[in-house]
Amino acid sequence: MIKPIVTRILSMLCIIALITACQEERKPIEFPPTDLAEGNMIPKPLKVIPTNKAFGLDRYTAIHTNQKDEGFAEIGHYLADKIKAKIDLDIPVNEEGTNPIERIIYINQSDSLELKAPESYQLYITQDSIIINSNTAVGAFRGIQTLRQIIPEVGNDTLAEQRIWPIPSGKIIDRPTFGFRGAMLDVARHFFSVADVKKYIDLLAYYKINVLHLHLTDDQGWRIEIKSWPKLTEIGGATEVGGESGGFYTQEDYKEIVAYAARHHMTIIPEVDMPGHTNAASVSYPFLNGNGKIVKPYEGTHVGFSTFDTRKDTVYAFIDDVVREISAITPGPYFHIGGDESHVTKKNDYIHFVEKVEKIVQKHGKRMIGWDEIASAKVDTTSISQYWSNGKNAQKAVKRGMKIILSPAKKAYLDMQYDSLSKHGLHWAAYIPVDSAYIWTPEEYEGIPMDNILGIEAPLWSETISNIGELEYLAFPRIIGYSELGWTTKENRDWENYKVRLANQTPYLDRHKVNFYASPLIDWKKNENTNGNEPQDE
Ligand code: ACM
């Protein structure tokens with residue numbers, strides 16, 4: 001009798017020991033208080049409510065997404081890739097991983113009325129789970145950027161056996177002020193490769209910028225293949241400022257950029273600048289040019305000397321082909337016709353031209369955008385004016401009931417030098433130091449009613465830059481401030497507070513090898529990277 005009793009007691013003890021061991025493993029990890037409000041978040045969200053605990057991101061974490069909408073699963077994989085690149089942690093997505101799962105990041109589709117605003121999302125972080133709720137995949141994508149920004153760079157090795165990255169707990173409710181938050185890249189004065197553009201897209205998406213406008217043609221170069229007019233790239237694509245080699249995107253290259261942007265929930269806007277800024281087109285096909293001079297390739301930086309012949313039917317047949325071919329491979333709703341600085345086009349000819357080209361753009365299913373000069377023509381209310389220089393033109397656009405994209409050169413041009421010592425850039429509109437770029441109010445700019453403002457865009461003209469490092473020097477850190485001007489409410493913006501969050505971007509920018517201008521106005525955080533891993537490209 002004694003033996004079976006001992007055996008039974010022993011086996012009971014074993015079970016108790018096992019349960020205790022299991023319970024110990026499941027015990028919530030005690031984190032030192034972490035404050036969500038102290039994060040690195042740019043643009044600053046609408047509301048942040050900290051609860052001073054933490055979610056432990058570790059190898060027992062998994063991502064689950066809504067599986068009805070493919071976009072959500074794609075975002076789940078995107079997040080897993082970014083976590084892997086940042087902290088070298090493998091997280092399974094919608095599947096069992098190799099480790100038992102203790103904590104979950106959910107990416108949910110929700111029809112809640114609170115989430116009706118485009119791109120809105122909510123982020124709930126508790127000790128056990130992170131829940132991202134959004135109506136649409138695009139909102140979830142914006143929410144993922146916020147989450148990426150608050151994952152610590154360095155893990156903690158003392159809280160448990162495994163390394164843990166504590167993410168501060170709390171709730172974030174967020175949506176953008178403007179639906180249009182753009183950057184423009186001039187690939188005409190100097191050409192930038194598909195890889196360069198993709199890197200720019202990666203960086204812009206992290207700051208929730210959702211439009212990339214490509215200035216594809218100018219006097220110095222034509223950068224997009226038009227199959228029905230091959231000399232545009234054969235001849236017009238071979239030059240650039242300073243006599244360097246030029247280049248162009250085949251339609252396949254362009255589609256690759258568009259698809260890459262779409263995966264980052266970003267719209268590409270193609271610009272074919274006309275009737276001025278057209279020397280490269282007229283060198284390729286001299287019939288386009290109306291001022292009777294022999295057209296020679298141009299690799300300088302002057303503006304305002306070229307024009308299409310606005311009274312020739314063949315010019316409009318040419319434009320029809322160009323707009324048709326580009327529109328067919330551009331899923332976004334916009335086509336930008338330029339329209340700036342046509343100083344050698346007679347006023348009446350200019351107006352005639354813009355009105356005719358608007359019809360062509362509309363025929364190919366797109367909404368026309370033009371620089372602010374286009375408001376001198378009788379354009380449709382659906383067309384959009386991009387305010388860069390002339391306040392009177394902006395007021396004309398308001399009178400016409402048009403939407404306006406704000407890109408005032410003296411505030412938003414990324415090619416303006418920071419100060420007189422800047423290595424690259426120009427200063428014809430202003431020097432734009434990092435504080436001046438941030439401290440202005442697009443919502444109340446020069447009396448333009450908020451109802452007319454579609455959003456803001458920061459153009460980067462490339463007369464003085466010819467590679468990605470130089471591009472980054474001018475764009476960063478100012479573009480980060482423009483992302484906040486476009487997203488964050490004016491009540492939530494404050495230079496002193498922004499300055500600290502900007503200083504905290506160093507690890508991210510360094511990890512991505514961004515050649516940002518380390519403005520002395522900012523007390524840049526020292527880069528304490530590392531997890532013991534080599535930094536990787538995300
Ligand atoms: C412009 O800067 N010419 C639009």
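Residues numbered from 1 in each chain as written. Predicted model: local features only at pLDDT ≥ 70, side-chain atom pairs only at ≥ 80, totals over all residues. Heavy atoms only, no water.

Turning our attention to the overall build of the chain. When its secondary structure is counted, the chain shows 16 helices and 16 strands. For 538 residues, the compact-globule formula gives about 24 Å, and the C-alpha radius of gyration of the chain, at 27 Å, lands near that figure. Counting all 538 residues of the chain, 58% fall into the buried class. Nonlocal contacts in the chain, meaning residues at least 24 apart in sequence, comprise 73% of its contacts between residues at least 6 apart. Total accessible area computed for the chain in this model is approximately 22300 Å², and 54% of it derives from carbon and sulfur atoms. Both charge centroids of the chain, one from 59 positive and one from 72 negative side chains, sit 4 Å from each other. (Helix = DSSP H or I, 4+ residues; strand = E, 2+ residues; numbered from the N terminus. Rg over C-alpha atoms; globule rule 2.2 N^0.38 Å. Buried < 20%, exposed > 50% of the residue type's maximum accessible area, 1.4 Å probe, protein only. Contact = heavy atoms within 4.5 Å. Areas by Shrake-Rupley, 256 points an atom, 1.4 Å probe, with all protein chains shown as cover. Lys, Arg positive; Asp, Glu negative; His and termini not counted. Charge placed at Lys NZ, Arg CZ, Asp CG, Glu CD.)

The subject of this paragraph is unusual backbone geometry. Most peptide bonds adopt trans geometry, and most residues besides glycine take a negative phi value. In this structure, P275 follows M274 across a cis peptide bond, with omega equal to 5°. With an omega of 15°, the peptide bond between F476 and P477 qualifies as cis. With phi around 55°, D88 is a residue other than glycine that occupies positive phi space.

Residues L57, Y200, I319, F476, I479 and Y482 are the most contacted members of the largest nonpolar core, which totals 144 residues. Here the element with the most residues in this core is helix α4 (residues 194-206); it accounts for 8 residues. Not counting the four nearest positions on each side in its chain, F476 is found in contact with Y200, L203, Y207, Y418, L509, V514, F516 and Y517. Core analysis: the next-biggest nonpolar cluster, separate from the first, contains 8 residues, F180, I369, I405 and L454 among them. (Core = buried A, V, L, I, M, F, W, Y, C linked by side-chain atoms within 4.5 Å.)

This part covers helix α8 (residues 313-328). For α8, which comprises 16 residues, the first-to-last C-alpha distance of 22 Å matches the rise-based estimate of 22 Å (1.5 Å per residue) to within 8%. Burial in α8 covers these residues: V315, Y316, F318, I319, D320, D321, V322, V323, E325, I326 and S327. On its buried side, α8 packs onto β10 (221-222), α5 (231-234), α6 (251-263), β11 (267-274), β12 (334-338) and α9 (347-363). (Expected span 1.5 Å × (residues − 1).)

Quick look at the pairing of strand β15 (residues 403-406) now. Here strand β14 (residues 384-387) pairs with β15 via 4 bridges, running parallel. By the bridge assignment for β15, Q386 is matched with I405. In the classification by handedness, the crossover that spans β14, the intervening helix α10 (residues 391-399) and the parallel β15 is right-handed. Of the strand pairs in this sheet, β15 and strand β16 (residues 453-460) are connected by 3 bridges, and their pairing is parallel. Bridge pairing links I405 to G455 in β16. (Pairing = 2+ DSSP bridges. Right-handed = clockwise from strand over helix to strand, strands pointing away.)

Take empty space enclosed by the protein next. Enumeration over the complete set of coordinates arrives at 3 cavities of 30 Å³ or more. The class makeup of the residues in the lining of the largest cavity is 3 nonpolar, 4 polar and 4 charged. (1 Å grid on protein atoms, 1.4 Å probe; cavity = no way out; pocket = protein on both sides within 12 Å on 5 of 7 lines; lining within 4 Å. Points joined across faces, edges and corners; volume = space filled by probe spheres on them. Nonpolar A, V, L, I, M, F, W, Y, C, P; charged D, E, K, R; others polar.)

With that settled, consider the confidence of the model for the chain. Across the chain, the average pLDDT comes to 92, with 92% of residues at or above 70. Mean pLDDT across the elements of the chain bottoms out in helix α1 (residues 2-26) (45) and peaks in strand β8 (residues 211-215) (99). Every residue in residues 9-24 scores below 50 in pLDDT, and together they form 0 contacts with partners more than four places removed in sequence or on other chains. Note on residues 530-538: pLDDT under 50 across the span, and 26 contacts to partners over four residues away in sequence or across chains. (pLDDT = per-residue confidence, 0-100.)

Time to look at the side chain of S519. By the element assignment, S519 lies in the segment after α16 (506-511). If sequence neighbours within four positions are ignored, S519 has contacts with V434 and W524.

This part takes up the sheet that holds β12. Reading around the barrel, the 8 strands line up as β7-β8-β11-β12-β13-β14-β15-β16 and close back on themselves, with parallel pairing between neighbours. Across the sheet, the mean angle from the axis of one strand to that of its neighbour is 30°, orientation sign disregarded. In terms of strand pairing, strand β7 (residues 180-186) meets β16 through 6 bridges, oriented parallel. When the bridges of β16 are listed, A183 appears paired with A458. (Axes fitted to C-alpha atoms, helices over the stretch in contact; angles between N-to-C directions.)

What follows covers the pattern of salt bridges. It is possible for side chains of opposite charge to pair when their charged atoms get near one another. Within this structure, the stated rule accounts for 26 salt bridges. As a salt-bridge pair, K84 and D90 come within 3.6 Å of each other at their nearest N and O atoms. Using a relative accessible area of 55% as the deciding quantity, one classes D90 as exposed. Via salt bridges that share partners, D186, R189, D218 and E463 belong to a single interconnected network. (Salt bridge = Lys/Arg side-chain N within 4 Å of Asp/Glu carboxyl O.)

With that settled, the discussion passes to the packing of aromatic side chains. Following the criterion strictly, the structure yields 29 aromatic pairs and no others. Centre to centre, the rings of Y200 and F476 are 6.4 Å apart; their planes meet at 80°, and the pair counts as edge-to-face. On the criterion of sequence distance, the pair formed by Y200 in helix α4 and F476 in the loop between α13 (468-475) and α14 (478-487) is long-range, its members being 276 residues apart. What makes Y200 buried here is its relative accessible area of 1%. Residue F476 is classed as buried on the basis of its relative accessible area of 0%. Through successive ring pairs, a cluster of aromatic residues spans W222, W229, Y285, F287, F308, Y316, F318 and F353. (Phe/Tyr/Trp six-rings, centres within 6.5 Å; stacked < 30°, edge-to-face > 60°.)

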